[in-house]
Amino acid sequence: MNLLIYEIVMSLKDSILALVMVVVWGVNFVAIAFGLQDFPPLLLGGLRFLLVAIVGCWFVSRSNVPIKWLLAYALSISVAQFAFLFVAMAVGMPAGLASLLLQSQALFTLVFAYIVLKEAISGRQIMAIAVAGFGLCLIALNSQHTQMTTLGFFMTLAAATCWAIGNLVTRTISQKGFKADVSLVVWSAFVSAAILLFLSFLLEGYQTIQIAILSISWLPGLSLLYLALVATLLGYGIWSYLIGKYPAGLVVPWALGVPVIGLVAASIVLDEELRSIQLLGISLVMIALVINMPIDKFIKSLWRQQRSPHRAKQH
């Protein structure tokens, strides 16, 4: 019997790709801020997914996911998440802070998986939720002293909640034997674009849409291209490649770098500032995300791998 074993070490090339993904997703929030200068939020989201669908369908094979699950994915992780996020940033959520708060989806996912899927939740995860909750309270209670609005804060949390719901949908899709990869992102984008553009027409109005498109300036236009081609197609393409090649525990912790890049980029490009009490809240949320990652188990696994180089021999 052959015992097949992989080395749980990411290659240099793939580590560079992971770093590119982190930078791309971190800068994504600055691009959203620039895009909102000319576009109303729902129109920006609709045009983003329209470009993703039109360009991506030429390079990615059609998704094999049944239509009902494709719709569920599009409504939760694409339409609802980005509608809330873009509107939040339009009404006063700073880009850097948005990049952090959105990562609370990882903790919401734990809670929803426990309630809906009856998945076990560990003491480590309960501690992470408690620490993150305290950190979010510190951030929210000091919103009146910063650029962040209370409405923007809660709408960003709503976006994170929708992302968490989308994670449950994605997990269900995978459990049913279908591929929840970049092809799902691309082909569900047709649905996402149609819904967001329809909502934009109803809520933002034809005249607003017409003015935004006819008077678009170069920076918001480049931001739209970045959101569609770089943040979505390139970012999710790298993510899908890494998730397919390595254990999730090796890939997922890289996402912790996204809010770091987001906060730094927003500080440099948009001159965003935070109060010291909010920096404490941010630190607590980051600590909670680290607590939630079973990094110690990964290190022990890696240590066992290095101590047992001959496990792949025949028995």
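Residues numbered from 1 in each chain as written. Predicted model: local features only at pLDDT ≥ 70, side-chain atom pairs only at ≥ 80, totals over all residues. Heavy atoms only, no water.

**Observations regarding the overall build of the protein chain**
From N to C terminus, the protein chain includes 14 helices and zero strands. Counting from the amino terminus, helix and strand elements in the protein chain follow one another as α-α-α-α-α-α-α-α-α-α-α-α-α-α. The buried share of the protein chain, reckoned over its 315 residues, is 48%. Carbon together with sulfur atoms contributes 70% to the accessible area of the protein chain, which is approximately 15,600 Å² in total. (Helix = DSSP H or I, 4+ residues; strand = E, 2+ residues; numbered from the N terminus. Buried < 20%, exposed > 50% of the residue type's maximum accessible area, 1.4 Å probe, protein only. Areas by Shrake-Rupley, 256 points an atom, 1.4 Å probe, with all protein chains shown as cover.)

**Observations concerning the packing of aromatic side chains**
Overall, the coordinates contain six aromatic pairs when judged by the stated rule. The ring centre of phenylalanine 49 lies 5.6 Å from the NZ or CZ of arginine 48, which sits over that ring. Over the face of the ring belonging to phenylalanine 82 we find arginine 48, whose NZ or CZ atom lies 4.3 Å from the ring centre. (Phe/Tyr/Trp six-rings, centres within 6.5 Å; stacked < 30°, edge-to-face > 60°. Lys NZ or Arg CZ within 6 Å of the ring centre and 35° of its normal.)

**Observations concerning the packing of helix H2 (residues 41–56) against helix H3 (residues 67–90)**
Two packed helices can be described by the angle between their axes and the distance between those axes. Following both chains from N to C, one finds H2 and H3 inclined at 135°, their axes separated by 8 Å at the closest point. Taken as axis vectors, H2 and H3 run oblique relative to one another. The two elements H2 and H3 cross, and the hand of that crossing is right-handed. Each of Pro41, Leu42, Leu44, Gly45, Arg48 and Phe49 in H2 lies in contact with H3, whose residues at this interface are Ser78, Phe82, Ala83, Phe86, Val87 and Ala90. Among the residues forming the contact of H2 with H3, the class breakdown is nine nonpolar, two polar and one charged. (Axes fitted to C-alpha atoms, helices over the stretch in contact; angles between N-to-C directions. Parallel < 35°, antiparallel > 145°, perpendicular 65-115°, else oblique. Left-handed = near helix turned anticlockwise from the far one by under 90°. Contact = heavy atoms within 4.5 Å. Nonpolar A, V, L, I, M, F, W, Y, C, P; charged D, E, K, R; others polar.)

**Observations concerning the pattern of salt bridges**
Any two side chains of opposite charge can pair, on the condition that their charged atoms come close. Here the structure, examined in full by the defined rule, presents one salt bridge. Linking aspartate 14 and lysine 13 is a salt bridge whose minimum nitrogen-to-oxygen distance equals 3.8 Å. (Salt bridge = Lys/Arg side-chain N within 4 Å of Asp/Glu carboxyl O.)

**Focus on the nonpolar core**
In terms of nonpolar packing, the biggest core is built from 79 residues, with Phe29, Leu85, Met89, Met93 and Ile139 touching the most fellow members. Beyond its immediate stretch of four places on either side in the chain, methionine 93 contacts Ala88, Ala98, Leu101, Met148, Gly152, Phe153 and Thr156. Counting six residues, the second-largest nonpolar core is a separate cluster that includes Leu107, Leu110, Ala132 and Ile291. (Core = buried A, V, L, I, M, F, W, Y, C linked by side-chain atoms within 4.5 Å.)

**Remarks on the confidence of the model for the protein chain**
For the protein chain, per-residue confidence averages 82 on the pLDDT scale, and residues scoring 70 or more make up 84% of the total. Mean pLDDT across the elements of the protein chain ranges from a minimum in helix H14 (residues 295–307), with 54, to a maximum in H2, with 96. In this model, residues 1–7 is a region of pLDDT below 50 whose contacts with residues beyond four sequence positions or in other chains number 13 contacts. (pLDDT = per-residue confidence, 0-100.)

**Considerations on H2**
In this model H2 runs 22 Å from its N-terminal to its C-terminal C-alpha over 16 residues, within 8% of the 22 Å that 1.5 Å per residue would give. In terms of burial, H2 is largely enclosed, as twelve of its 16 residues are buried. Listed as buried for H2 are Pro41, Leu42, Leu43, Leu44, Gly45, Gly46, Leu47, Arg48, Phe49, Val52, Ala53 and Gly56. (Expected span 1.5 Å × (residues − 1).)

**Here's the deal with the environment of valine 169**
Mapped onto the secondary structure, valine 169 falls in helix H7 (residues 150–175). Sequence separation between valine 169 and leucine 70 is 99 residues, and the spatial gap between their C-alpha atoms is 9.2 Å.

**Things to note about the side chain of glutamate 204**
The topology assignment puts glutamate 204 in helix H8 (residues 182–204). Nearest to the buried, unbridged glutamate 204 among oppositely charged side chains is arginine 48, at 14 Å. Polar contacts involving the side chain of glutamate 204 include one to the main-chain amide nitrogen of leucine 42, which spans 2.8 Å. A polar contact is formed between the side chain of glutamate 204 and the backbone nitrogen of leucine 43, at a distance of 3.2 Å. Among all residues touching glutamate 204, those that are not within four sequence positions of it are Pro40, Pro41, Leu42, Leu43 and Leu199. (Lys, Arg positive; Asp, Glu negative; His and termini not counted. Polar contact = N/O pair within 3.5 Å; in protein donor to acceptor, adjacent residues only side chain to side chain.)

**Quick look at helix H5 (residues 105–116)**
With twelve residues, H5 ought to run about 16 Å at 1.5 Å a step, and its terminal C-alpha atoms sit 15 Å apart, in line with that. Of the positions making up H5, those classed as buried are Gln105, Ala106, Leu107, Thr109, Leu110 and Ala113. A positive phi of about 60° marks lysine 118, the residue just after H5.

**Points about the side chain of serine 78**
Along the chain, serine 78 falls in helix H3. When neighbours within four sequence positions are excluded, serine 78 is seen to be in contact with Phe49, Tyr73, Ala83 and Ser192.

**What about the packing of H5 against H7?**
Following both chains from N to C, one finds H5 and H7 inclined at 50°, their axes separated by 8 Å at the closest point. Taken together, the axes of H5 and H7 lie oblique to each other. The interaxial crossing formed by H5 with H7 has right-handed handedness. Contacts between H5 and H7 involve Gln105, Phe108, Thr109, Phe112, Ala113 and Val116 from the first element and Leu157, Ala160, Thr161, Trp163, Ala164, Ile165, Asn167, Leu168 and Arg171 from the second. Looking at the contact of H5 with H7, its residues break down into ten nonpolar, four polar and one charged.

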